[in-house]
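# What the coordinates show
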Amino acid sequence: MADAADITEHPEPPSYPMPRTCPYALPEGYRQLRDRPTLGKIRLPSGKLAWATTRYEDVKAMLGDDRFSSDLRRPGYPLMMDHQAPPPEFSTSLVGMDPPEHTAARRAVAADFTPRSIDRLRPRIQEITDEYVDRLLAGPRTVDLIDAFANPVPLLVICELIGVPFADRAFFLETSFTLMNAATPEAGARATADLMGYMDKLVTDKERVPTDDLIGRLAARRGEPGVPDHRDLVGMAFMLLMAGHETIANVIGLGAMLLLDRPVLRKSLLADPSRWPAAVDELLRYFTIAEIANSRVALEDVELGGVRIAAGEGVLGLTVGANRDARRFPDPDTFDIDRAERSLAFGFGAHQCLGQHLARTELEVTLTTLFERVPELRLAESVEALRFKEQHVNYGLHALPVTW
Ligand code: HEM
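Residues numbered from 1 in each chain as written. Predicted model: local features only at pLDDT ≥ 70, side-chain atom pairs only at ≥ 80, totals over all residues. Heavy atoms only, no water.

## Focus on the sheet that holds strand S2 (residues 49-53)
We count it as follows: When DSSP locates at least two bridges between a pair of strands, those strands are taken to pair. By the criteria applied, helices consist of DSSP H or I runs no shorter than four residues and strands consist of E runs no shorter than two, each listed in order from the N terminus. Whether two residues are in contact is decided by their heavy atoms: any pair within 4.5 Å suffices. Under this scheme, a helix contributes an axis fitted over its contacting stretch, all axes are lines through C-alpha atoms, and angles between N-to-C directions fall in the 0 to 180 degree range.
What the five strands build is an open sheet, ordered S1-S2-S8-S5-S3; its pairing is mixed. Whereas interior strands pair on both sides, the edge strands pair on one side only; in this sheet they are strand S1 (40-43) and strand S3 (68-69). With two bridges connecting them, S3 and strand S5 (residues 295-298) associate as antiparallel partners. Within S5, the position partnered with Phe68 by the bridge is Ala298. Seen against the sheet, helix H2 (residues 56-63) touches S2, S3, S5 and strand S8 (314-317) and runs at an angle of roughly 120° to S8.

Right under this line is the structure:
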């Protein structure tokens, strides 16, 4: 059993995030980590070290093991930057909770995210998507698809889900964009405070006059066991915005890029629309955009991947490496929509993505509608000229200029 001190092959551990040499390829550093005989460490932007799991079996074992905690306030939790520690008054919401608190909180909202509940939302997702395709077709014939389509559609779906009134949607969209694209930490902090202030008022309004949406229904059940109190409901609304917007926008952008770059694949999907769900699953695996979503801290000493992880040490579940692991996915660097194996794109275990049915539905509706309604769509710049989010929490495109 090795520990960090025994690792001689990499005297200086690689730094996170790792640069990509090709938008479709796994960064070389992850491949090297994955092909080591035992688990290795990685240096975070904060300067601290964390263990990095990159093999399918190791990532799955780690995420399914309750000896690893999601509580980001615990010492040793692998925050990317130390200043990301949430202030004490800020609810960590589901993502940062451990059982039994997490189990009860997740149960309180799970009904809104079942395939059946999401199916009820599908007509609204289609309407919002159609509205934005109408806008595309009515505007100039060269646009940035991220700005004009990939960003606003998921944001408006979140508005439906959490029940943001129509009159507030322009403010909501604008402040969310500012938050996502903040040029300085101060601008980001201001936008976060504005949105938290807005969510606080939204929850207060719904506590007074309950509405038939996720937050409204929970506000009406206040006081029941497991139902979030006011502060946690505000945190929940904010977390759903953060978890459910940019993630989907990134996959819409990367998916549109890949399909515009591969006309044969695009034509085959248009000829047989029943293959879209499989294509969406493969896009989720191939790009695995949530690079650092699955971080944990060990609650006790645990043996994993040939090393002993000490209590209090941080571990990253790098699904981006696991989803290209040839032991699980034959020919992993090929985009193949006929794969049978399920990927870890939505994580694994107790925290597995709550919004995965919503994400799949949104991706299916947006991409199908876009390519069916704008069949002449093409890239306005080569893939090599595009700018990617390399230093971000989620992988994606800054902009995707398209024309038709
Ligand atoms: C392409 C889109 C998405 C991807 C790739 C994605 C990925 C993930 C991953 C990897 C996790 C696990 C985090 C962990 O274990 O630490 C997660 C959790 C979560 N996601 Fe998503 N997600 C997406 C979309 C959404 C959407 C649309 C929503 C809701 C509106 C959402 C809500 C959540 C929530 C609430 C959790 C925490 C669940 C828990 O802790 O029990 N996600 N997501």
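## Some words on the coordination of the iron atom of the ligand
Threshold: For Na, K and Ca the donor cut-off is 3.2 Å, and for all other metals it is 2.8 Å, counting N, O and S atoms only; because water is absent from this set, sites may look incomplete.
A lone protein donor contacts the iron atom of the ligand, and this donor is Cys353 (SG), found at 2.3 Å. Positionally, Cys353 belongs in the loop between helix H14 (319-322) and helix H15 (356-373).

## Regarding the packing of aromatic side chains
Defined as follows: Two rings from Phe, Tyr or Trp (for Trp, the six-membered ring) form a pair when their centres sit within 6.5 Å of each other. Planes less than 30 degrees apart are called stacked, planes more than 60 degrees apart edge-to-face, and all others tilted. Three exposure classes are used, based on accessible area relative to the maximum for each residue type with a 1.4 Å probe and protein chains only: buried under 20%, partly exposed in between, and exposed over 50%. Lysine and arginine charges are scored as sitting over a ring when NZ or CZ, respectively, is within 6 Å of the ring centre and within 35 degrees of the ring normal.
As enumerated under the stated definition, the model contains nine aromatic pairs in all. When the centroid spacing of 6.4 Å and the interplanar angle of 15° are considered together, the rings of Trp276 and Phe371 count as stacked. With Trp276 in helix H13 (residues 276-287) and Phe371 in helix H15, this residue pair connects regions lying 95 residues apart in the sequence. Each member of the pair, Trp276 together with Phe371, is buried. In this structure an aromatic cluster arises from ring pairing among Tyr24, Tyr286, Phe287 and Phe335. Residue placement shows Arg20 over the ring face of Tyr395; its charged tip is 3.6 Å from the ring centre. The ring of Tyr24 has Arg262 sitting right over it, with the charged end atom 4.8 Å from the ring centre.

## Things to note about helix H12 (residues 263-271)
The criterion, for reference: Here, the arc refers to the directions that run from the helix axis to the C-beta atoms.
Considered for burial, the residues of H12 that qualify are Leu265, Arg266 and Leu269. Taken end-on, H12 shows its buried residues confined to a sector of 100°, consistent with a single buried face. Turned more than 90 degrees away from the buried face of H12, the exposed residues are Val264, Lys267 and Ala271. Structurally, H12 contributes buried residues whose contacts are with helix H11 (246-261), H13 and H15.

## Re the sheet that holds strand S10 (residues 401-403)
Spatially, the three strands line up as an open sheet ordered S4-S10-S9, and their pairing is antiparallel. Only two strands of the sheet have a single partner each, and these edge strands are strand S4 (142-144) and strand S9 (378-379). Judged from the three bridges that link them, S4 and S10 form a sheet pairing that is antiparallel. Bridge pairing in S10 places Thr142 opposite Thr403.

## So, helix H4 (residues 115-138)
Quick note on the threshold: A helix is expected to span 1.5 Å for every residue after the first. A residue's bend is the angle separating two fitted axes: one through the seven residues that end there, the other through the seven that start there.
For H4, built from 24 residues, the straight-helix expectation of 34 Å at 1.5 Å per residue is met to within 8% by its first-to-last C-alpha distance of 34 Å. The sharpest bend along H4 measures roughly 40° and falls at Leu121, with the proline Pro123 sitting one to four residues further on. Along H4, the residues classified as buried are Ser117, Ile118, Leu121, Ile125, Ile128, Thr129, Tyr132, Val133 and Leu136. In the core, the buried residues of H4 are packed alongside S4, helix H5 (145-150), helix H6 (152-162), helix H7 (169-180) and H15.

## Some words on the site of the ligand
The test is simple: Whether a residue is near a molecule or strand depends on its heavy atoms: it is near if one of them lies within 4 Å of it. Here a polar contact is taken to be a pair of N or O atoms separated by no more than 3.5 Å, where protein atoms must pair a possible hydrogen donor with a possible acceptor and residues adjacent in sequence count only if both atoms sit in side chains.
In the region of the ligand, 27 residues are neighbours, and His102, Arg106, Arg296, His351 and Cys353 sit closest. At 3.3 Å from an oxygen atom of the ligand is found a side-chain nitrogen or oxygen belonging to Asn294. In the environment of the ligand, an oxygen atom lies 2.8 Å from a nitrogen or oxygen atom belonging to the side chain of Arg296. When residues of the shell around the ligand are traced back to their parent elements, those giving at least two are helix H3 (101-110), helix H10 (230-244), H11 and H15.

## Observations regarding the pattern of salt bridges
The criterion, for reference: Here, a salt bridge means any side-chain nitrogen of Lys or Arg that lies within 4 Å of a carboxyl oxygen of Asp or Glu.
Throughout the structure, instances matching the rule amount to 29 salt bridges. When the shortest N-O distance is used, the salt bridge between Arg124 and Glu127 registers 2.5 Å. One end of the pair, Arg124, and the other, Glu127, are both in helix H4, three residues apart, so they sit about a helical turn from each other. Ionic pairing is found between Asp134 and Arg373, a salt bridge with its closest N-O pair at 2.6 Å. With Asp134 in helix H4 and Arg373 in helix H15, this residue pair connects regions lying 239 residues apart in the sequence. For Asp134, a relative accessible area of 41% gives the class partly exposed. Judged by relative accessible area, Arg373 falls into the partly exposed class, the value being 31%.

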